[in-house]
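Next come the chains, spelled out residue by residue.
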Amino acid sequence: MSHVFFVATIGGSPEPLIKSLQFWSPEKICFVASEETRKDTLDVITQYNQSSPKPISEGAWDCVIVPDHQLLQPIIKTIRPLSRRIREWKERGENFKVVADFTGGTKCMSAGLALVARRWPTEFSYVGGTKRNKDDRGAVLSGSEVISPCMNPWEALGFQAAEDAVTAFNHGSYPAAAEQLAASMRSMEAGSDKRALAALSETIKAYAEWDRFQHKKAAEHFLTALTARNDLAAVFTDPADLIREMEKHQDLCTTLTVRNRMSWLLVDDLIANATRRARDQRFDDAVARLYRACESIAQVQLHERWQIEDTGRIPLEKLPPSLQSAWNPRARNGCVQIGLQDAFRLLASLGDELGTRFIEQKLTGQNSCLEERNKSILAHGFDPVSKKGYDQLAKAVHALRGIPQPEFGHWLLPPVQ
């Protein structure tokens, strides 16, 4: 058994609205009326109660009054506060449903209700008829009314789900965006609209996996999305630029899958990931990634230029003489393990420009901006990292890497058409 909250615009003719009330048998009613039609609401309730086996009690109905029935913007502003009541009604259980009837009132009132209700979990209702006056072009004749229920057309076409998912994605909420689409697709029938949402879902999943450094899974989702690239045209007006970016990003993730250890591309991926965390004001997470990127810069340089493959196990004979004697006491089985600061100290001792650049960026010592990571609540301290702390470290790491900013740091989807 359904419990219906009925929201309807009301005009000068009560018959269609009474027919709609008889069809839906609501438990709660809210009329959207003008000053001119306010008086008609009681008449509608009275006539409905006289003909209904489930009459509406006095406390179960009310109305909101629009200030001007010819101006769309104030009408929308008047109707929007109903959204809270709708949400609370739906939260009471699966059998609690909402119906928005836009038959009565002025065209602006009908349009206003339809625009606001498109974000509600609602069905739409319209009262048409088999007979009209004025040579079948005028108002519906009494007694010929026909109820035309339908699901929210915006939701039926998937546009609302797509719009909400894109908004969530562009704010960095990749898992939430994917879940919104999944929930919407579960209630859709097979067809082109569902395929379009599936293509968008694969696109979002690709970036969500990439953001978690799951490069192989990201590449697979990119490939699936690109296979369905024609369906993305049903979501975006012109997806050509997006598709070109996805092709490039699919190649990047494929490369990262093959070379996910000791590569400059992985360093840049860490820096780009830090940029996204900072965009979300998650500076502790961002600094943790920058610290790892800084460490990776030294590891990649030692590997590619000096054939030192593992900073966790460096043979003493590969060290400059000065460091062999300094680090010999901590050697185990002829090898030493070094951290970030010692990795750049080793590079400087080898005459590598990265070791010099590390010193120039003032990344050595206890007063360096690298200490922001150590003082972070996610590392060894108890204080959250500030934006200033992140900015200082980001500037230093970008300079150390020798690039201003990885080009794939920001991901944005275009607006839904």
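Per chain, residue numbering runs from 1 following the sequence as it is written. Totals for whole chains, interfaces and linings use all residues, but because this is a predicted model, local features are given only for residues with pLDDT of at least 70 and pairs of side-chain atoms are given and counted only at 80 or more. Heavy atoms throughout the structure, all of them, feed into the side-chain values; hydrogens and water do not.

Chemist: Just to check I follow, could you spell out the pattern of salt bridges for this structure?
Modeler: Pairing is possible between side chains that carry opposite charge, provided their charged atoms lie close to one another. Whenever Lys or Arg places a side-chain nitrogen within 4 Å of a carboxyl oxygen from Asp or Glu, that contact is recorded as a salt bridge. One pass over the structure, following the stated rule, counts 23 salt bridges. Put simply, Arg305 and Asp352 hold a salt bridge, and the shortest N to O gap is 3.3 Å. Residue Arg305 is found in helix H14 (residues 283–306), and its partner Asp352 is found in the loop between helix H16 (340–349) and helix H17 (353–360); the two are separated by 47 residues along the sequence. Given a relative accessible area of 0%, Asp352 falls into the buried group. What you see here is one network of salt bridges that share partners, running through Asp211, Arg276, Arg277, Arg279 and Asp280. Here a helix means four or more residues in a row that DSSP labels H or I, a strand means two or more in a row labelled E, and each is numbered from the N terminus. Residue exposure (1.4 Å probe, protein chains only): buried if accessible area is under 20% of the type maximum, exposed if over 50%, otherwise partly exposed.

Chemist: Please explain the nonpolar core as it appears in this structure.
Modeler: Put simply, buried Ala, Val, Leu, Ile, Met, Phe, Trp, Tyr and Cys residues joined by side-chain atoms within 4.5 Å make one nonpolar core. One finds Phe344 and Leu346 to be the most contacted residues of the largest nonpolar core, which totals 43 residues. Looking at this core, the elements with two or more residues in it are helix H13 (264–279), H14, helix H15 (321–327), H16, H17 and helix H19 (387–401). Examining the composition of this core, we find that 11 residues originate from one element, H14, more than from any other. Phe169, Ala208, Leu232 and Leu413 belong to the second-largest nonpolar core, a separate cluster that totals 42 residues.

Chemist: Please explain the packing of aromatic side chains as it appears in this structure.
Modeler: Where two aromatic rings form a pair, the distance of their centres and the angle of their planes describe that pair. Each pair of aromatic rings taken from Phe, Tyr and Trp, with Trp reduced to its six-membered ring, is defined by centres within 6.5 Å and is described as stacked if the planes are under 30 degrees apart, edge-to-face if over 60, and tilted in the remaining cases. With the rule as written, the count across this model stands at 16 aromatic pairs. Between the aromatic rings of Phe5 and Trp89, the centroid separation amounts to 5.6 Å while the plane-to-plane angle is 70 degrees, which identifies the pairing as edge-to-face. Of the two residues, Phe5 sits in strand S1 (residues 3–9) while Trp89 sits in helix H4 (residues 82–90), which places them 84 residues apart along the sequence. Residues Phe5 and Trp89 agree in their burial class; the two are buried. Here Tyr207 and Phe222 contribute two aromatic rings whose centre-to-centre distance is 4.9 Å and whose plane-to-plane angle is 90 degrees, an arrangement assigned as edge-to-face. Of this pair, Tyr207 sits in helix H10 (residues 192–211) while Phe222 sits in helix H11 (residues 215–227); the two residues are 15 residues apart in sequence, bridging distant segments of the chain. Here the two residues Tyr207 and Phe222 agree in accessibility, since each one is buried. By way of ring pairs, the aromatic residues Phe169, Tyr174, Tyr207, Trp210, Phe222 and Trp411 are connected into one cluster.

From the geometry alone we can't say anything about function, so treat these as descriptive.
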